Amino acid sequence: MGLNERMSDASLAVVVLAAGQGTRMKSSRAKVLHELSGVPLIGHVLATAQALEPDHVAVVVRHQRDEVAEFVTEFSPEALMVDQDEVPGTGRALEVALEALPTAFTGDVVVISGDVPLLDSDTLRAVIAHHRDQAAVATLITTVLEDPTGYGRVVRDDHGLVQKVVEERDASTAEAALQEVNAGAYVFQRAAVSDALAGVGTHNAQGEKYLTDVVEALSQAGSAVQAVRVEDSWLLEGINDKAQLGDVQARLNSMIVRGWQLAGVTIVDPASCFIDVGVELAPDVTILPGVQLQGQTVIESNATIGPDTTLLDTSVGEGASVVRTHAEGAEIAAGASVGPFSYLRPGASVGEDGKVGAFVEIKNSILHRGAKVPHLSYIGDAEIGEGTNIGAGAITANYDGVQKHQTTIGAHVKTGSHTVFVAPVEIGDGAYGAAGAVIRRSVPPGALAMSVSTQRNVEGWVEANRKGTPSADAASQASHGKK
Ligand code: UD1
Ligand code: CA
């Protein structure tokens, strides 16, 4: 065997089957685009494919082709997109993929399904090694299930050699009783599977060209067909309906939670804590019950999150505390305190040791170090300087009905309760604001801004005009003393 042949023998292509309709999902969304822990099913499968460092990745698409292709192109730009034609079935899907691979490629082809998301690259590597050791033409992955419903059954001969795979709908009663199932993941020698597929028909209950039929064809032709039995059946779970999606989601989440616990994160109630695959947590983060950490959220050490908090694409600095909060695209710096009941929208940035308190909404605004918005406020399109305290019930009136405007507040400002900042407006460093101020004009540094009209008290008005009411009685008692 020459060096070139040797090298090409060791070469690898991964084919991801993702052209099926996914009827059982009963959804308008393509099956493989349903998410598990923040990533579509096919994203998990593509990540596994990439981890094998193959020479080629081909993804077979057909149903909702454009949506699936758009995701694949973004996630794995190097992947080859292959369109399946009107002939249905997993066998046809692999056939079109093989036709699209360079003819010079003579290596092994790993076939995996877009709807089997937990199958990992370590398992596949072991299967590829076995396949090569045995010089097999085909190696399938199998597992034994207590309830094999829905899967293809693996039929072995008296010597334990794999004879064929029978789909449930085509199985005899005896075959249907077999508990060893086909995981739908295989390693094939390219030429062998290509030849075998050419002879596969569509004479089955579904009228489809089944990939599984190559197993019988190859073993009848006397070729070496191997099967690797995997003990952890859950790795091989296929998602065909939303009940399976829910089961696999629960499984994956508990694996992710456990992984973070082993990495030093305190997670008080794993069952009520959901962490997407893209999240990063430092040791000594504490996560209280009812927390969802989504997207690319990053949390530094000694921060406490929850209870009952959702963070999407949000960063939280060291030692910060985030309680009963919803945040998207926000930054919370070290030592800051957010919540309870705070809403941080994209572009909200809470500075070091800053505070955002109860019933406060912040959008596209920078709060510098130590700035506080403690109570009942809306802050949008604003910059708030270091050490500034915004009084309870502040509103930035940032929208004139057509355009958004900026509010700029300096350092160490103290605004009174119930202030409206009519943007665009600027408040200078060290300025104060009186309660109830409507700030329409800029305030120079150090000034006290007042905009309230003078208060006038009409003495005895209630007793004179609301005679006999509890208010009038209380007023009269207060002014004449208790009898
Ligand atoms: C398939 C296997 C079955 C195995 C099971 C494991 C066949 C005939 N059956 O059954 O033995 O136990 O997986 O999960 O292969 N697809 C295409 N083009 C098609 C049809 C399907 O690309 O024309 C894709 C689907 O998008 C999916 C994968 O192939 O990602 C499997 O198809 P699916 O219809 O889910 O097959 P199962 O009935 O689950
Ligand atoms: Ca399936």
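To keep things clear, this report deals only with the structure shown in the data block. Every chain is numbered independently, its residues counted from 1 as its sequence is written. For this description, chains carry letters from A and ligands carry numbers from 1, given in the order in which they are written. Given that the model is predicted, a residue must reach a pLDDT of at least 70 before its local features are reported, and side-chain atom pairs must reach 80 or more before they are shown or counted; all residues, however, enter totals for whole chains, interfaces and linings. The basis for every side-chain value is the complete set of non-hydrogen atoms in the structure, without hydrogens or water.

Description of the coordination of the calcium ion (ligand 2)
Distances up to 2.8 Å from the metal define which N, O and S atoms are donors, and 3.2 Å serves for Na, K and Ca; water is absent from the atom set, so sites may look incomplete. Coordination sphere of the calcium ion (ligand 2), protein contribution only: D115 (OD) and N240 (OD1), at 2.3 to 2.5 Å. With a gap of 125 residues between them, D115 in the loop between β6 (108–113) and α5 (121–133) and N240 in the loop between β11 (225–229) and α9 (242–262) connect regions that are remote in the sequence. Each member of the pair, D115 as well as N240, carries the same accessibility label: buried. The helix count covers DSSP runs of H or I at least four residues long, the strand count covers runs of E at least two residues long, and both are numbered beginning at the N terminus. Any residue under 20% of the maximum accessible area for its type is buried, any over 50% is exposed, and the rest in between are partly exposed; the area is computed with a 1.4 Å probe on protein chains only.

So, helix α8 (residues 213–220)
Because each turn of an α-helix spans 3.6 residues, side chains separated by three or four positions in sequence point in the same direction. By the burial criterion, the buried members of α8 are V214, V215 and L218. Along α8, the residues classed as buried sweep out an arc of 105 degrees about the axis, all on the same side. The contact definition used throughout considers only heavy atoms, calling two residues in contact when any of these lie within 4.5 Å. Summarising the contacts, the buried residues of α8 are in contact with β7 (138–144), β9 (162–166), β10 (180–189), α7 (190–198) and β11. Directly after α8, the chain includes G222, whose backbone phi takes a positive value near 85 degrees. The directions considered for the arc run from the helix axis to the C-beta atoms.

Some remarks on the pattern of salt bridges
A carboxyl oxygen of Asp or Glu within 4 Å of a side-chain nitrogen of Lys or Arg is what we treat as a salt bridge. Across all of its chains, the model carries 16 salt bridges by this definition. Here D83 makes a salt bridge to R65, at a shortest N to O gap of 2.5 Å. Of this pair, D83 sits in strand β5 (residues 80–83) while R65 sits in helix α3 (residues 65–75), and the two are 18 residues apart along the sequence. By relative accessible area, D83 is classed as partly exposed at 41%.

Describing the pairing of β9
The side chains of a regular strand alternate, first on one face of the sheet and then on the other. Here, strands pair whenever DSSP counts at least two bridges between them. Bridge count between strand β8 (residues 153–156) and β9: four bridges; the pairing is antiparallel. By the bridge assignment for β9, V154 is matched with V165.

Details of the site of ligand 1
Only heavy atoms are used to decide nearness, and a residue is near a molecule or strand if one of them lies within 4 Å of it. Surrounding ligand 1, one finds 23 residues, the nearest of these being L17, G89, T90, E167 and N182. One nitrogen or oxygen atom from the main chain of L17 is found 2.8 Å from an oxygen atom belonging to ligand 1. A19 has a polar backbone atom sitting 2.9 Å from an oxygen atom of ligand 1. Both site types are read off a 1 Å grid over the protein atoms alone. A 1.4 Å probe that fits but cannot get out defines a cavity, while an open set with protein on both sides within 12 Å along at least five of seven lines defines a pocket; lining residues have an atom within 4 Å of a point. By definition, a pocket or cavity contains a molecule when more than half of the molecule's atoms lie within 2 Å of the pocket's grid points. According to the grid-proximity analysis, the pocket containing ligand 1 is the largest pocket. Those elements giving two or more residues to the shell around ligand 1 turn out to be α4 (90–100) and β10. The element contributing the most residues to the shell around ligand 1 is β10, with three residues. Residue classes in the shell around ligand 1 are distributed as eight nonpolar, 11 polar and four charged. Polar contacts, as used here, are pairs of N or O atoms within 3.5 Å; protein pairs need one atom able to donate a hydrogen and one able to accept it. Residues neighboring in sequence count only if both atoms are side-chain atoms. Under the scheme applied, nonpolar residues are Ala, Val, Leu, Ile, Met, Phe, Trp, Tyr, Cys and Pro; charged residues are Asp, Glu, Lys and Arg; polar residues are all the others, including Gly.

Section: α9
To estimate the expected span of a helix, subtract one from its residue number and multiply by 1.5 Å. With 21 residues, α9 should cover 30 Å at 1.5 Å per step; its first-to-last C-alpha distance of 30 Å lies within 8% of that length. Residues L245, V248, L252, N253, I256 and V257 constitute the buried set of α9. In this structure, the buried side of α9 is in contact with β2 (35–36), α2 (41–51), β12 (266–267) and β13 (273–275). Put simply, D241 is the residue that caps the front of α9, since its side-chain oxygen is 3.1 Å from the backbone nitrogen of A243. Looking one or two places after α9, you find G264, whose phi comes out positive at around 105 degrees.

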